[in-house]
Amino acid sequence: MCCIVLSFVYIFALPIMKDMDIEKTKTQMRKGILEFCILSIIKRGGDAYATDIIDELKDSQMIVVEGTLYPLLTRLKNESLLEYRWEESSSGPPRKYYSLTELGDAFLQELKQTWNELQGAVNKLTLETNQNG
Amino acid sequence: MDKTISISLGGFSFIVDDRAYQKLKNYLDEVRQSLNGMEGTDDIIADVEVRIAELFKQRLDSREVVNEHDVEYIIGVMGRPEQYLNEDDETAGVSDSGKTYTGKPEEGGKRKLYRDPDDKILGGVLSGLAHYLGIETWITRLIWILLFFADIPMTGTSFTILSYIILWIILPKAETATQKYEMFGQTGDFETIKRNVSSSVTGVKSGNSASNVFGEILRAIAKLFLIFFGIILLLIGISLLLSAISLLFLPDGLMPMKIFNHIVDYEWQSWATKIFGFLLLGIPAYFLMLFGIKMMYDKMKIHKTISLTAVGVWLIAILGASVLTSTLVKSFSRNIEYSNKSAYTVDSDTISLAFNEYKTVGTKKMKWGMEYDIDDFEEFDGKLNKKIERNVEVRQSPNNEVYLDVVYSSKGSSLDNARKNAEQIEYNYSMNSKGELTLDNYLSLPKDVKFRNQDVNIVVYLPKGKVLHTQNIRNVIFYDEQTNGKDYQRGNNKFYKFVGDHYECLNCQKVRIDSDSFDDDDSVNISEEGIKIQSGDKKISISKDGVRVQNGDKKVNINNEKTRNDDTDSIDNSESGN
């Protein structure tokens, strides 16, 4: 009997509990913002080398370990938001330079708008809360 | 001094010492693994390698050989493999970079039981167990094989296989570096990790020791066994699945559905039973096939979610089936019997007891329950008919009357319900003035009445002086009131008379009845044609032709008038020889 109850918990309750996991929410939030930042960095320079992106992100403390960036770049490329070209380098093998696709550009515009809206809303809300508190 | 290896990384070449090489390779393997088959994994690894090369360049400066600390530094910068997809996994504290990944642990840390994916034949259970016990892998494998052979003859089932499969399911696989450390109980000892990856490293390899060779042989034998048992498991699985499917499509007209549909109160119960039955058989069949294939083809992936769902559904089916069963069992929980006693005055010296061999349906006579026509249960004539056991219990009548006691019995969810069910029984019998009691060999229930094991038992009370002639009765049960004992006798065309203190058979001493006695020396045969008694070369026959007696070659014939066709004497005594 105990076994049956446990398996019920496992099958039905656990996935729900997982969804409520705050860590996941935080990660998602950070990932979204990280994407926004990466696209912005690439947009600003026209194109960018992975190491340059890393340096900027690390400076502004957006990432802690570098490994995170690579799967993210590949995913953005897979989603056709980014493309890359090879460029000869004076100090070694050719380097991969990332740039935005048209889709990526539109995506970034949308993110920017959403960000501004969110920022305004959050600022307003937190301001009110601070005043009340 | 450690060996050094020259490697190419991200378009640069480096000289790396042995330890650093192992560590780096292991790290890249784990990164690849942690990406979990994501699209573009190769690109990511290539990019990571380029970055690592850059970092090495920066760090080495004028040094030539990359050492273990450099790799640790790299890991600190790039992050642990599990952080690639999920940076917030900061359980170990990334801040003191590098140190965390390999951070020196307490000596002699506790070993944990994992499955070892790097040294496995099937699931890595036995190698994991060996690591846990701190012994060589081939030892646990050998013990397993020995147990396997001892197991089946001793217990009849293979608990060895069963326990292996259970361990396979419940033990986690040692995937991350930390887990592999824990498996050996020596967190941070790099040598242990190196042993794990040595099979995939091409650079350095020590010669095989004797135990390794032995291990390889065992491995090959085990592989053969796996294929063999894989096929067996697969076949069992397939046949089980087929029976599960056929269960689902059991026709209503065939047993057991024929009677089952009369037991259930609602039609959905019948359906639910089929579906539960299908799941209860089909899911183990699925797993048997799955494990069978897995045994033969190691690389096949077992989908965890599907498997867990299947186990869950199976447990639900068990729950459902037991609820269903208990409601059905409850319908059979009470038992009631009531009897219908009738008295007859019989003048004849012989009382005949017989079960009808035929049921009359309309104008037709149907033979019941023989090798053709119909089963023990049959629905016709708008009724459910059930064959009864052709048993008759014989008791002593207190006077000169013959009593017939028909005992109706039934089960039900309550006594009232049981009585109601018993009262629905229709059963026919008839007694004529010649003392011939004819009983139906079946009972009938109206079609809408549920089958609750309704039954009929026949008890006959006989006066002492009467001879009992039984026909087509399976067992005649003589009840002795003094000893409360029951004496089972056969009831196919037998004569019984009360002699002394019990009934004795008049025509069945030391002889077989109804035998087609071609090769039997002794026989008594009583049939419609007459009586034939034979013992060796002595024969007596009484038939419509007359009476014939033969002793060896002496013959006496008394012929019936009808068959006498010439003027020979009615008594023909022929004798030849002496």
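Our structure is the block above this text.
This one's a predicted model, so the numbers in the text were calculated from it and none came from an experiment.

Undergrad: Looking at this structure, I do not really get the overall build of chain A. What am I missing?
TA: Looking only at helices and strands, one finds 5 helices and 3 strands in chain A. Overall, chain A shows an N-to-C arrangement of helices and strands of α-α-β-α-α-β-β-α. Burial statistics for chain A: of 133 residues in total, 31% are counted as buried. Excluding contacts between residues fewer than 6 apart, the proportion of contacts in chain A whose partners are at least 24 apart in sequence is 47%.

Undergrad: Got a minute to help me understand the overall build of chain B in this structure?
TA: Helix and strand counts for chain B come out as 14 helices and 26 strands. By residue count, 40% of the 578 residues in chain B fall in the buried class. Sequence-distant contacts in chain B: of pairs separated by 6 or more residues, those separated by 24 or more amount to 59%. Total accessible area computed for chain B in this model is approximately 32,300 Å², and 54% of it derives from carbon and sulfur atoms.

Undergrad: Would you take a moment to explain the sheet that holds strand β14 (residues 442-446) of chain B for this structure?
TA: Either a parallel or an antiparallel arrangement is found when strands of a sheet pair, and the pairing is made through backbone hydrogen bonds. Residue and element names in this part refer to chain B. Taken together, 3 strands build an open sheet; the order of strands is β8-β9-β14 and the sheet is antiparallel. Two strands lie at the open edges of the sheet, namely β8 (377-380) and β14, each paired on one side alone. Here the average twist between neighbouring strands, direction ignored, is 25°. Sheet analysis places β8 next to strand β9 (residues 383-387), joined by 4 bridges and oriented antiparallel. Across the sheet, the residue bridging to Glu379 is Leu384, located in β9.

Undergrad: Looking at this structure, how should I read helix α14 (residues 415-423) of chain B?
TA: Side chains that are three or four residues apart share a direction in an α-helix, a result of its 3.6 residues per turn. Residues and elements named next belong to chain B. Those residues of α14 lying buried are Ala418, Asn421 and Ala422. Along the axis of α14, the buried residues cluster in a sector spanning 100°; they form a single face. In this structure, α14 carries Asp416 and Lys420 as exposed residues pointing more than 90 degrees from its buried face. Looking at the packing, one finds that the buried side of α14 touches β4 (334-344) and β11 (402-412).

Undergrad: Quick question: what am I supposed to make of the interface of chain A and chain B here?
TA: Many authors give the size of an interface as the accessible area that is lost as the parts come together. Every contact between the two is made by 36 residues of chain A and, on the other side, 31 residues of chain B. Ranking the residues of chain A by area buried against chain B places Val65(A), Tyr70(A) and Pro71(A) at the top, with a combined share of 20%. Our count for the chain A to chain B interface comes out at 3 salt bridges. In this structure, Arg51(B) and Glu66(A) form a salt bridge, with 2.5 Å as the shortest nitrogen-oxygen distance.

Undergrad: Is there a simple way to think about the nonpolar core in this case?
TA: Soluble, globular proteins show a tendency: their nonpolar side chains are buried together. Counting residues in hydrophobic clusters, the biggest one holds 52 residues, and the most contacted among them are Ile38(A), Ile53(A), Leu57(A), Phe14(B), Ile52(B), Phe56(B) and Met78(B). Looking at this core, the element that brings in the most residues is helix α2 (residues 41-60) of chain B, giving 8 residues. Excluding anything up to four places from it in sequence, Leu57(A) contacts Leu34(A), Cys37(A), Ile38(A), Ile41(A), Met62(A), Ile63(A) and Leu69(A). Listed in part, the 40 residues of the second largest apolar core include Val392(B), Leu404(B), Phe451(B) and Cys505(B).

Undergrad: Looking at this structure, how should I read the sheet that holds strand β3 (residues 65-66) of chain B?
TA: Residue and element names in this part refer to chain B. Pairing within the open sheet is mixed, and its 3 strands lie in the order β1-β2-β3. Strands with a single pairing partner mark the edges of an open sheet, and in this sheet they are β1 (4-9) and β3. Sheet analysis places strand β2 (residues 12-17) next to β3, joined by 2 bridges and oriented parallel. Looking at β3, one finds that Ile15 is bridged to Val65.

Undergrad: Just checking my understanding: could you explain the packing of helix α4 (residues 69-78) of chain A against α2(B) for this structure?
TA: Between two packed helices, both the angle of their axes relative to each other and the distance between the axes serve to describe the pair. Two elements in contact, α4(A) and α2(B), have axes whose closest approach is 9 Å; the angle formed by their N-to-C orientations is 135°. Taken together, the axes of α4(A) and α2(B) are oblique relative to one another. At the point where α4(A) passes α2(B), the crossing takes the right-handed sense. Seen from α4(A), the contacting residues are Tyr70(A), Pro71(A), Thr74(A) and Lys77(A); seen from α2(B), they are Asp43(B), Ile44(B), Asp47(B), Val48(B) and Arg51(B).

Undergrad: Would you mind going over the packing of helix α1 (residues 18-34) of chain B against α2(B) with me for this structure?
TA: Residue and element names in this part refer to chain B. Running from N to C, α1 and α2 point in directions that differ by 145°, and their axes come no closer than 10 Å. Regarding α1 and α2, the two cross each other, and that crossing is right-handed. The residues of α2 that touch α1, namely those facing Leu24, Tyr27, Leu28, Val31 and Arg32, are Thr41, Asp42, Ile45, Val48, Glu49, Ile52 and Phe56. Partitioning the contact of α1 with α2 into residue classes produces 8 nonpolar, 1 polar and 3 charged.

Conventions and cut-offs
Residues numbered from 1 in each chain as written. Chains lettered and ligands numbered in written order. Predicted model: local features only at pLDDT ≥ 70, side-chain atom pairs only at ≥ 80, totals over all residues. Heavy atoms only, no water. Helix = DSSP H or I, 4+ residues; strand = E, 2+ residues; numbered from the N terminus. Buried < 20%, exposed > 50% of the residue type's maximum accessible area, 1.4 Å probe, protein only. Contact = heavy atoms within 4.5 Å. Areas by Shrake-Rupley, 256 points an atom, 1.4 Å probe, with all protein chains shown as cover. Pairing = 2+ DSSP bridges. Axes fitted to C-alpha atoms, helices over the stretch in contact; angles between N-to-C directions. Arc of directions from axis to C-beta. Buried area = accessible area lost by both parts, 1.4 Å probe. Salt bridge = Lys/Arg side-chain N within 4 Å of Asp/Glu carboxyl O. Core = buried A, V, L, I, M, F, W, Y, C linked by side-chain atoms within 4.5 Å. Parallel < 35°, antiparallel > 145°, perpendicular 65-115°, else oblique. Left-handed = near helix turned anticlockwise from the far one by under 90°. Nonpolar A, V, L, I, M, F, W, Y, C, P; charged D, E, K, R; others polar.

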